[in-house]
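Structural description and commentary
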Amino acid sequence: MHSDPRILVVAPDDGLIGPLCQGLDALGWRTVTARSLAGAVQVLIDWPLEAIVLDATVTDAAEGVRAMRRTVSPRRLPVLAIGEDAAGWEDGLVDIAMSSPPHAAQAALRLEGLVRSAIAEEEVSQREATFAARGEPLIAPDADTTPLRVLAAGKPDRHFIALSNALTERGCEVVAAPTPYTAFDYLHERPFDAAVLWGAEDHAPALSIASGMKRNTRLYHIPAVLYLRGSGEINLAELYNRGFADVAAADTPEEETATRIVALARAHRRHLVIRRALESVRGSGLTDPSTGLFTPELFASHLARIADGARIRRRPLSVAVLRVSENDAIRQARAGGWLDRALPQIGAMVSRLIRTEDTAARLAPDVFALALPATRGQEGRIAADRIAAVIGCTAFDAGPDKTPFVVEFEVGVAEVMPGESPAVVLERASADIRSTRPA
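Parameters and conventions
Residues numbered from 1 in each chain as written. Predicted model: local features only at pLDDT ≥ 70, side-chain atom pairs only at ≥ 80, totals over all residues. Heavy atoms only, no water. Salt bridge = Lys/Arg side-chain N within 4 Å of Asp/Glu carboxyl O. Helix = DSSP H or I, 4+ residues; strand = E, 2+ residues; numbered from the N terminus. Buried < 20%, exposed > 50% of the residue type's maximum accessible area, 1.4 Å probe, protein only. Pairing = 2+ DSSP bridges. Axes fitted to C-alpha atoms, helices over the stretch in contact; angles between N-to-C directions. Contact = heavy atoms within 4.5 Å.

All told, the structure shown has 29 salt bridges when counted by the stated rule. Between arginine 127 and glutamate 123 there is a salt bridge whose closest N-O contact spans 2.9 Å. Of this pair, arginine 127 and glutamate 123 both sit in helix α4 (residues 104–133), 4 residues apart, which is roughly one turn of that helix. Among the salt bridges present, the one from arginine 260 reaches glutamate 256, with a minimum N-O distance of 3.5 Å. Here glutamate 256 and arginine 260 lie together in helix α9 (residues 254–279), a separation of 4 residues that amounts to about one turn. In this structure arginine 260 comes out as buried when scored by relative accessible area, which is 2%. A relative accessible area of 11% places glutamate 256 in the buried class. Via salt bridges that share partners, Glu326, Asp328, Arg331, Arg334 and Asp366 belong to a single interconnected network.

An order of β2-β1-β3-β4-β5 is seen for the 5 strands of this open sheet, with the pairing classed as parallel. Each of the sheet's edge strands pairs with one partner strand only, and the pair in question is β2 (31–34) and β5 (96–98). This sheet shows a mean twist of 20 degrees between the axes of neighbouring strands, independent of strand direction. Sheet topology note: the strand β3 (residues 51–55)/strand β4 (residues 79–82) ladder contains 4 bridges and is parallel. When the bridges of β4 are listed, isoleucine 52 appears paired with valine 79. Each of β1 (7–10), β2, β3 and β4 touches helix α1 (residues 18–26); the most contacted strand, β2, lies at about 150 degrees to it.

Turning our eyes to something else, we now look at the sheet that holds strand β13 (residues 367–373). In spatial order, the strands read β12-β13-β11-β16; together these 4 strands make up an open sheet with antiparallel pairing. One side of each edge strand has no neighbouring strand; the edge strands of this open sheet are β12 (359–364) and β16 (409–415). On average, each strand axis in the sheet is tilted by 20 degrees relative to the strand beside it, whichever way the strands run. In the sheet, β12 pairs with β13 via 5 bridges, with the strands oriented antiparallel. Of the residues in β13, the one forming a bridge with arginine 362 is phenylalanine 368.

Below, the structure written as structure tokens:
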């Protein structure tokens, strides 16, 4: 179990964000506190921390953000600033600003999103280098410049209507869906950059929508925000399992909540651009022709690059291997050629289910591999198991008059050790499959 601190707190005293730090510690987001910017820089030298929570009243806070980010370069360092002073800072100086400390569960959800976005940006530059080295530079498609599209799902309420108005004032196109049924109709009919779900007295409709989105490969990555009616206790475990990207209480100013939703929506669009850039190389000869995933050779080359990058940035890196499990239904589907017909679709599902920063490869006809940056081995298993579970909900055609078959995976995971080659870590991940296969 890793107990190293994850979050640097920069605050002159505990008056503003001390209780938040206690809450983050209790949730597993261990914090270490610096009382000055000079002390903060030294802590960043000593520890590979993931993000900063900054009291905006600290002296020279704005310049301190720049200094802290220079200290950890090329690792990207997300900053969550708290305090009214942060509202007047230049755009882009911090990743998100809040006028008052959020609930610890809400802060943990938001920090998770900020950290993953920072890792994704690091990964993009490394993928660009990998493809450029092989003569196939990534060409980023034109960004979508249309208004951000936000689904607002829930019964009308003055707080919810005020939030919708605040989003509209920020240039968003807001589509209202009063019931889960209409929400899913809209989600299937048109693309959205974010979904805000009203958690009135009964959270069940909002939780149902979020859960349904996470079971759908096309809707999986759309950030969902839970907008609570009050500031009561939050069941963090349930919200994590449902996949919420952020949680906001109704007593949070609508303008602030709208700003956070817009930030999530923009990040989602950025991730879509990245995915389209990667998809542009399909058919180039560097990727598997039927699935568009990395070939074994390209995967090995990129894994070596990101392993070196992980060492420089002091981040963990894990590799997962997913192999189709053999059973009677799979053997029959394989014999009839139906498994071969399903595998391209399965590969496409894998590519949609991975996080933006993850890399998926097809090592053999029915064996897939994932490179998972900034991910410990145990976390990598959770991510791989989740992908396998979603694919396991899909039934594939087994031929005329035959029952459709489902695909289950055997999963093996290995965390990259210092100096370890791609071939060795892949072998360890494959060996992990063998060691965990039921007798």
